[in-house]
Amino acid sequence: MLSTKDAKFRNQAEWGNRAVSVQWKRVLKHNFVQKVSMAYSNYEFVFDVIQSYYNLQLKTGIQGTDVKYALSKKVGKHSLNFGVENLLQFYNTGQFKIYMNDELFQKLNSILSKSNELALFFEDSYDCTDRLSFIMGLRGGLYAQSFADSLSCYYTGFFEPR
């Protein structure tokens, strides 16, 4: 039997993001500028609730890697920018653990999935005056997502303005 003197309640939330990125820029012939960039991010969230003899824990997170290659060129009043980008992400929707008297009572596994987005883009920035410019462009690509507990993969193509 649980007495009120033994009752306790505590909750705690911890989260954080670790990230690193690098970029390499190089001027080529005929006023072309080449940029290569890479980025990595790892976000984690842990939520812990303790009430008396029960403990509920949730863990979730997202990992992402982005690689981008772009070329740009200035032609008169136009600045042209085009390239390719790939974004790979891993999702952990949440793992639940329930403890009773510090022993694992129930565990619900998370749904693990990954996605990959490959895109091509083109952009034109036109400087009408020193204070007025128009930017127009198009980005198109393919998005794919799969789940760890399934053999199926979902694909979709897209176009969007830049």
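Shown above is the structure to which this text applies.
In this report, the structure presented in the accompanying data block is examined. (Residues numbered from 1 in each chain as written. Predicted model: local features only at pLDDT ≥ 70, side-chain atom pairs only at ≥ 80, totals over all residues. Heavy atoms only, no water.)

## Let's talk about the environment of F82
The test is simple: Here a helix means four or more residues in a row that DSSP labels H or I, a strand means two or more in a row labelled E, and each is numbered from the N terminus. Under the scheme applied here, a residue whose accessible area is under 20% of the maximum for its type counts as buried, over 50% as exposed, and between as partly exposed, the area being computed with a 1.4 Å probe on protein chains only. Residue contacts follow a heavy-atom distance rule, with two residues in contact if any of their heavy atoms lie within 4.5 Å.
By secondary structure assignment, the location of F82 is in strand β4 (residues 78-100). Looking at F82, the relative accessible area reads 30%, which means it is partly exposed. For the pair formed by F82 and E123, sequence separation is 41 residues and the distance between their alpha carbons is 6.2 Å. The contact partners of F82, leaving out residues within four places of it in the chain, are F32, Y69, A70, L71, F121 and F122.

## Brief notes about unusual backbone geometry
At H30, a residue that is not glycine, the phi angle is positive and equals roughly 60°. For H30, the position within the fold is in the loop between β1 (9-27) and β2 (32-51). The backbone of N101 sits at a positive phi, close to 55°, despite the residue not being glycine. Looking at the secondary structure, you find N101 in the loop between β4 and β5 (103-108). N101 sits in the partly exposed class, given a relative accessible area of 47%.

## With respect to the pairing of strand β6 (residues 112-127)
Our working rule: Note: two strands are recorded as paired if DSSP finds a minimum of 2 bridges between them.
Note: β4 against β6, 15 bridges, orientation antiparallel. Bridge assignment links N86 to a residue of β6, and that residue is L118. When β6 meets strand β7 (residues 133-147), the two strands line up antiparallel, connected through 15 bridges. Paired with E117 across the two strands is Y143, which belongs to β7.

Purely geometric numbers; function is a separate question.
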